[in-house]
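Overview (structure and organization)
Listed below are the residues making up each chain.
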Amino acid sequence: MGYGTIQPSALVYEGQYRATQQNTKGLFAGSATAAMLPRTRTLRESCKVELQRRHFFSSPSHELPRLSYPAGNGNRKYRSAQEAGHMTSAQINRVLKANEYSHTFPKGPASHSVLSFHSNMLPSNHPGEDCRSCATCLPDRGGVLFGVFDGHAGPACAYAVSQRLFYYIAVAMLRLRMLAELERAVEEDRAIPPLLEWVKHPQDHSCPDGGAISFQSLRHYWQERLDVEDDEDDEDGGRMTSALVNAFRRLDYDLSVEAQVHLSTSSFRRVSLPGEASSPFSPLRVALSGSTACVAHISNGMLHVANLGDSRAVLGMQESDGRWSAVSLTNDHNAQNPDELQRILGEHPLSEQRTVIRHDRLLGHLLPFRAFGDIRFKWSAEMLCRLYETRPDILSVVSEAIRTPLPHYLTPPYLSAQPEVTKHHITPSDKFLVLATDGLWELMHRQTVIQLVGEHIKGLQQQRPIITGVGMTLVALQRLLLERKGRVQSVLEDQNAATHLLRHALGDDGYGAVATNRLTKMLSLPVDLARRYRDDITITVIQLNEPEL
């Protein structure tokens, strides 16, 4: 269905959500983005602004021991470069490795050609606005999903999307007979078969609120699929591309509807319930913030990447001579992409050619041209006017940029949640895939990233026990051990490839090595200064095949 043209009626859903919150056994994390609403007159002329459980139906996740993250403490005091230089190696590692985790998939069909993955996160904002996800789709066609999510104007949207999007993808992939079984289970109050098996670091965020609303939105989605679709057995990959596009667009639509429902229950200049405005997971807080998304789905040797915004997916290929090549599977959706510029300009009248994109930003404010959330770039001027007039409590706790109406807001929507999908058949030369938010790519070129990861994975492989062959002499064994020592010397410090990338991105000396003093300074920046030097960085490295030694 055309989510960009539908005007959702918040009042229709209001009663359903109230009933659901009473009857649904806590399932989902709350969230909200924006539907595409009618074009209308200038927002500045329209209103005077007054500023002012999660318990998904999933199987248990694999979790690692809990780690503490010392950096990012709001009470942290400024430290001079000289004082920062006294960080010990143990202190550096404690910061770099606080959010790392790795997972090895068992061999067999359930792994879907994925050997393992390494992931890590390093925030600069407080709280951090990046998120990551990994899960295995359990029923029907299955597959493994990986995602990195880069939030802006607050962490709420990225948190919500990182926990909800994979469910929408799973529902979009399922055959109709499987959806019918889900619906019967709900109607008969039976246990719902798990859709996902999550693989999570214990500190990865879990949204505690909004489970009933989130589940009801997902249920509406599969009910609509049952009502309007015919089951087609499309195995050529076209179904997966459609599933990814539909899941992205539908989640963005539902987030918007949830926010409008929340707004419709607000009386004029209402006083919010205790803690409601400050909750980062209320539908309006989620909808006012935004998030990019880069998601990879791997199944039976086929890779699909769906991208929204300026995070990237880069494939690491090893040539026959052992050299590494970087293959980009995504395009940035920003002003540096000429196709994106033309798309945006073509969607609005000629009279707006000078105002739609200013200073390489959408309406002079937003860098990515595609994202979840950001309702102030999507809703009609009338809806935004009502938000500004009736919910000063919400506006008082968001960033100052959000409290101000956008200039030249004439023909919304300006922002899209339509992902760009790339399909790739995995070959033996495809060794790994790197998903990362723009914080990494601002510091490192893709070829450098692939080279570092490739050599790191080869080094880890060299650390495996030696199985000596018949007739191997002590001299030959000694030569082999010395060769291995030289190859792995640079990677022994990090067993996690994502941590290895972080170390080099922050401490690179310009010659391929890590300068400890530079790394220390970057890690010692106080919270109020860190964002000036780097963005939040989230990296997931997915190993597809063993490298050639």
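Residues numbered from 1 in each chain as written. Predicted model: local features only at pLDDT ≥ 70, side-chain atom pairs only at ≥ 80, totals over all residues. Heavy atoms only, no water.

**Some remarks on the packing of helix α4 (residues 89–96) against helix α18 (residues 516–524)**
Which entries qualify depends on this criterion: All axes here are fitted lines through C-alpha atoms, helices being fitted over the stretch that makes contact, and every angle between N-to-C directions spans 0 to 180 degrees. Working definition: helices are DSSP H or I runs of at least four residues, strands are E runs of at least two. Numbering for both runs from the N terminus. Convention used here: angles under 35 degrees read as roughly parallel, angles over 145 as roughly antiparallel, angles from 65 to 115 as roughly perpendicular, and any remaining angle as oblique. Left-handed is the label given to a crossing in which the near helix is rotated counterclockwise from the far helix by less than a right angle, and right-handed is the label when the rotation is clockwise. Contacts were defined at the residue level, with two residues in contact if any of their heavy atoms lie within 4.5 Å.
Orientation of α4 relative to α18, taken along the N-to-C sense of each, is 50°, at an axis distance of 11 Å. Between α4 and α18, the angle falls in the class oblique. Of the two possible hands of crossing, α4 and α18 adopt the one that is left-handed. Residues Ile-92, Val-95 and Leu-96 of α4 form the contact with α18, whose participating residues are Thr-516, Leu-519, Thr-520 and Leu-523.

**Focus on the layout of surface pockets**
Worth spelling out the cut-off: We place a 1 Å grid over just the protein atoms. Points where a 1.4 Å probe fits but has no way out form a cavity, open points with protein on both sides within 12 Å along at least 5 of 7 lines form a pocket, and any residue with an atom within 4 Å of a point lines it. Grid points are joined across faces, edges and corners, and a volume is the space filled by probe spheres set on the points. In the scheme used here, Gly and all other residues not listed as nonpolar or charged are polar, with Ala, Val, Leu, Ile, Met, Phe, Trp, Tyr, Cys and Pro taken as nonpolar and Asp, Glu, Lys and Arg as charged.
Counted as a void, the largest pocket has a volume near 720 Å³. Along its surface, the largest pocket is lined by 32 residues, and His-152, Arg-361, Leu-367, Pro-368 and Arg-531 are the ones closest to its centre. Every element with two or more residues in the lining of the largest pocket is listed here: β5 (143–152), α13 (400–403) and α14 (438–441). In terms of residues, the lining of the largest pocket owes the most to one element, β5, which gives three residues. In the lining of the largest pocket, the residues fall into ten nonpolar, eight polar and 14 charged.

**Structural notes on the environment of Leu-263**
If you trace the backbone, Leu-263 turns up in helix α8 (residues 238–264). Sequence separation between Leu-263 and Pro-283 is 20 residues; the distance between their C-alpha atoms is 8.9 Å. Apart from the residues lying within four places of it in its own chain, the contact partners of Leu-263 are Leu-284, Trp-379, Met-383, Arg-386, Leu-387, Thr-390 and Arg-391.

**Description of the sheet that holds strand β9 (residues 312–318)**
What counts is decided by this rule: Pairing between two strands is assigned when DSSP locates at least 2 bridges connecting them.
The sheet built from six strands is open, its strands ordered β2-β3-β16-β15-β9-β10 with antiparallel pairing. Looking at strand neighbours, the two that pair on one side only are β2 (101–104) and β10 (324–328), the edges of this open sheet. Between one strand axis and the next, the sheet turns by 15° as a mean value, whatever way the strands run. Sheet topology note: the β2/strand β3 (residues 116–122) ladder contains four bridges and is antiparallel. Following the sheet pairing, His-103 is matched in β3 by Phe-117.

**A few points about the packing of aromatic side chains**
Quick reminder of the rule: For this analysis, a ring pair means two rings from Phe, Tyr or Trp (six-membered ring only for Trp) whose centres lie within 6.5 Å, classed as stacked if their planes differ by under 30 degrees, edge-to-face if by over 60, and tilted for the remaining angles. The buried label goes to any residue with under 20% of its type's maximum accessible area, the exposed label to any with over 50%, and the partly exposed label to all in between, with areas taken from a 1.4 Å probe on protein chains only. Any Lys NZ or Arg CZ found within 6 Å of a ring centre and within 35 degrees of that ring's normal is scored as a charge over the ring.
Scanning the entire structure with this criterion turns up twelve aromatic pairs. With 6.5 Å between their ring centres and 55° between their planes, Phe-149 and Phe-166 make a pair best called tilted. Pair noted here: Phe-149 is in strand β5 and Phe-166 is in helix α5 (residues 156–173), with a separation of 17 residues, a long-range link. Its relative accessible area of 0% is what places Phe-149 among the buried residues. Clustering of aromatic rings is evident, with ring pairs tying together Tyr-101, Phe-105, Phe-117 and Phe-146. A cation sits over an aromatic face here: Lys-200 above Trp-198, 4.8 Å from the ring centre.

**Observations regarding the pairing of strand β8 (residues 302–308)**
The buried count for β8 comes to six of seven residues, which makes it a mostly enclosed element. Bridge analysis of strand β7 (residues 290–299) against β8 gives seven bridges, and the strand direction is antiparallel. The residue bridging Ile-298 from the neighbouring strand is Leu-303, located in β8. Across six bridges, the pairing between β8 and strand β14 (residues 420–425) is antiparallel. Each residue of the ladder has a partner; that of Met-302, found in β14, is His-425.

**Brief notes about the confidence of the model for the protein**
The condition is simple: Scored between 0 and 100, pLDDT is the confidence that the predictor attaches to each residue.
Looking at the protein as a whole, its pLDDT mean stands at 80, while 74% of the residues score no less than 70. Low pLDDT, under 50, characterises residues 1–42; the stretch is placed with 166 contacts to residues that sit more than four places away or in other chains. Taken as a whole, residues 44–56 scores under 50 in pLDDT and shows 52 contacts with residues more than four places along the chain or in a different chain.

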